[in-house]
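Chain and residue survey
Listed here are the chains, written in short residue letters.
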Amino acid sequence: MKPLHVLLAIVIAAVWGFNFVIIKVGVAEVPPFLLTGLRFLICAVPTIFFVAKPNVSWTYVVSFGLMLSIGQFVFLFLAVYLGMSASLASLVLQLQVFFTMFFAVFALKEFPKLVQLIGAGLAFGGIGLIAIERWSGPDALPLVLCVVAAAGWGASNIIAKWAKPENAVSFVVWSSLAAPVPFFAMSWFFENHDRIANVFFHPTLIGTIAIFYLAYLSTLFGYSAWNYLLKRYPSGTVAPFTLLVPLFGIASGVIVLGESFDRFEICGAVLVIFGLIIANIDFGVFKQKRAEL
């Protein structure tokens, strides 16, 4: 990759990693259902007037939007709102890699390699270590919700694979239209009406920044720049940069929010990251280079 494109990939990972700090401070200012609805509404409007409709069935567009929003973000935002740290959320959510592999077996008949299964085993072992002191009490539910969010992200990846959109940004923007109405309805029925009113009549600077960061930086910039790189380089060259996301997420959570890790969480984080690295390494490249030598 060209140095400028390497820098771009690192910037994307940094934006997506810092995204978890934004979610943490965002749900403190804006109720999670409302925050999610506003995120997708602002992502879609007015952008849809400048981006052509994706060349896929509306079934895929709507199902992807609902799975990405309700299947992933509703559980992620609730997990963070209920006490999950930004650092751990950025780490646990990367289990989406392995959920995608698992769902692909049944939906796409794509079977993982042995090394990917080993990586998955290590990663889930790491989650087990993180969960040792979270099996009961108030920390259990946020951890479970975050794992479910990872599964939702994995499922949305499968829908995207089924759809095969030519323009990933257009697909994300138009699918975002499916989310606002159900989220605004859930916000009205389940969240405090005074807090909802304050968001619109007495908006805070932090809450406003969180909404626009999630909509424009995390989604529009992140996905469009990522799609730009994927068009120019093999996915195997670009995909490993996602391993930087939990590193940026953990670092920003520790530096900005002052979050800390106990010994089980540190060991678990190491196992998860190591498992992700093993699952993403293309050992065929090493075999090819050895043969050339």
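Please refer to the structure higher up on the page.
Heads up: these notes are all about the structure in this document. Note on numbering: residues in each chain are counted from 1, in written sequence order. With pLDDT at 70 or above as the cut-off, local features in this predicted model cover only qualifying residues; side-chain atom pairs require 80 or more to be listed or tallied, and sums for whole chains, interfaces and linings still use all residues. Hydrogens are left out, water is left out, and the side-chain values use all remaining heavy atoms of the structure.

Observations regarding the layout of surface pockets
In this approach the atoms are scanned with a rolling probe the size of a water molecule, which exposes any empty space left behind. Spelled out, the test is: Using a grid of 1 Å spacing that covers the protein atoms alone, one calls a set of points a cavity when a 1.4 Å probe fits there but cannot get out, and a pocket when the set is open and has protein on both sides within 12 Å along at least five of seven lines; lining residues are those with an atom within 4 Å of a point. Grid points are joined across faces, edges and corners, and a volume is the space filled by probe spheres set on the points. By definition, any uninterrupted DSSP run of H or I lasting at least four residues is a helix, any uninterrupted run of E lasting at least two residues is a strand, and each is numbered from the N terminus. Under the convention adopted here, Pro, Cys and the residues Ala, Val, Leu, Ile, Met, Phe, Trp and Tyr are nonpolar, Asp, Glu, Lys and Arg are charged, and Gly plus all remaining residues are polar.
Taken as a whole, the second largest pocket spans an internal volume of roughly 240 Å³. If you trace the second largest pocket, you find 15 residues lining it, with Val30, Val199, Phe200, Pro203 and Ile211 closest to the centre. For the lining of the second largest pocket, the elements supplying multiple residues, two or more each, are α2 (32-44), α10 (193-201) and α11 (205-232). A breakdown of the residues in the lining of the second largest pocket according to their chemical character gives eight nonpolar, five polar and two charged.

Focus: the environment of Ala160
What counts here: The contact definition used throughout considers only heavy atoms, calling two residues in contact when any of these lie within 4.5 Å.
Looking at where Ala160 falls in the secondary structure, it is placed in helix α7 (residues 140-163). Residues Ala160 and Ser69, 91 residues apart in the sequence, show an inter-C-alpha distance of 14 Å. Aside from chain neighbours lying at most four places away, what touches Ala160 is Phe64, Pro165 and Phe171.

Comments concerning the packing of α2 against helix α3 (residues 58-81)
For clarity, the threshold we go by: Throughout, an axis means a line fitted to C-alpha atoms (over the contacting stretch in the case of helices), and angles, computed between N-to-C directions, take values from 0 to 180 degrees. In this scheme, roughly parallel covers angles under 35 degrees and roughly antiparallel covers those over 145, while 65 to 115 is roughly perpendicular and the rest are oblique. It is the rotation of the near helix from the far one that decides the hand of a crossing: anticlockwise by less than a right angle makes it left-handed, clockwise makes it right-handed.
At a closest axis distance of 9 Å, the pairing of α2 and α3 adopts a crossing angle of 135°. Considering the angle they form, α2 stands oblique to α3. The handedness of the crossing between α2 and α3 is right-handed. Only Leu68, Ser69, Phe73, Val74, Phe77, Leu78 and Tyr81 of α3 make contact with α2, whose side of the interface consists of Pro32, Phe33, Leu35, Thr36, Arg39 and Phe40. Of the residues belonging to the contact of α2 with α3, the class tally is 10 nonpolar, two polar and one charged.

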